[in-house]
Amino acid sequence: MVVAIIAILALVAIPTYKSFQARARQKEAQNLLSTYFTAAQAVKAEHGLYPGNFVQTGFAPTGELGYRVRGEDGNDINIALNDNNCWATYSGCTCSGACAGFRTWTEKPLCAVGACIGPTNTFTAACSTLPGPGTTNNTFTVVAAGVINLQATVSDRWAINHQKVLEVCTDGSK
């Protein structure tokens, strides 16, 4: 009888716990996007435009990322050296020599079996309700995507834009 009660409790508790873990991992995406927004606003206040790449924005995440981040902007205007190849956390280092000191992140591995989680390449477009990059230097959209729940059928995707509209594109916690 005791074993049956424990089995029933486990059937209810384990999926709830995994869902709780996945929702907690979503905070990483929210923090990454919020950090980018703050850095972009500081550059906009100083130079009058969003530079459109991580180096000029000053966005340099550290540690092991569970999400990949991609940015889009509406311009190719330079503030000194504007290497638009530095707009994604998984891009190669092509940032005019500054990348060795700039790229400070690694990525969590994806595992087919087990409890590994990590970034994903499934970016596609930003959320449909978010305005995309325009034709001026006054807009940006940044998307973070990651696998946070191996049982989920979709990756987790979040986006933020220049108006600080933070939106979940695809909820991968379920």
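Structure first, text after, so check above.
Description of the structure in this document. All of these numbers come straight from a predicted model, not from anything done at the bench. (Residues numbered from 1 in each chain as written. Predicted model: local features only at pLDDT ≥ 70, side-chain atom pairs only at ≥ 80, totals over all residues. Heavy atoms only, no water.)

**Topic: the packing of aromatic side chains**
Moving on, step 1. Evaluation of the coordinates by the stated rule reveals 6 aromatic pairs.
Moving on, step 2. With a centroid separation of 4.8 Å and an interplanar angle of 80 degrees, the aromatic rings of Tyr-50 and Phe-140 are classed as edge-to-face. Highlighted residues: Tyr-50 in the loop between α1 (2-47) and α2 (54-57) and Phe-140 in strand β5 (residues 140-147), separated in sequence by 90 residues.
Moving on, step 3. Residue Phe-140 is classed as buried on the basis of its relative accessible area of 1%.
Moving on, step 4. Ring geometry for Phe-54 and Phe-59: centres 4.8 Å apart, planes at 65 degrees, overall edge-to-face.
Moving on, step 5. Owing to a relative accessible area of 1%, Phe-59 belongs among the buried residues under this scheme. (Phe/Tyr/Trp six-rings, centres within 6.5 Å; stacked < 30°, edge-to-face > 60°. Helix = DSSP H or I, 4+ residues; strand = E, 2+ residues; numbered from the N terminus. Buried < 20%, exposed > 50% of the residue type's maximum accessible area, 1.4 Å probe, protein only.)

**Quick look at the pairing of strand β7 (residues 166-170)**
Moving on, step 1. As defined by bridge partners, strand β6 (residues 156-161) adjoins β7 across 4 bridges and the pair is classed as antiparallel. Note that in β7 the partner of Ile-160 across the bridge is Leu-166.
Moving on, step 2. Joining the antiparallel neighbours β6 and β7 is a turn of 4 residues, in which Lys-164 adopts a positive phi near 60 degrees. (Pairing = 2+ DSSP bridges.)

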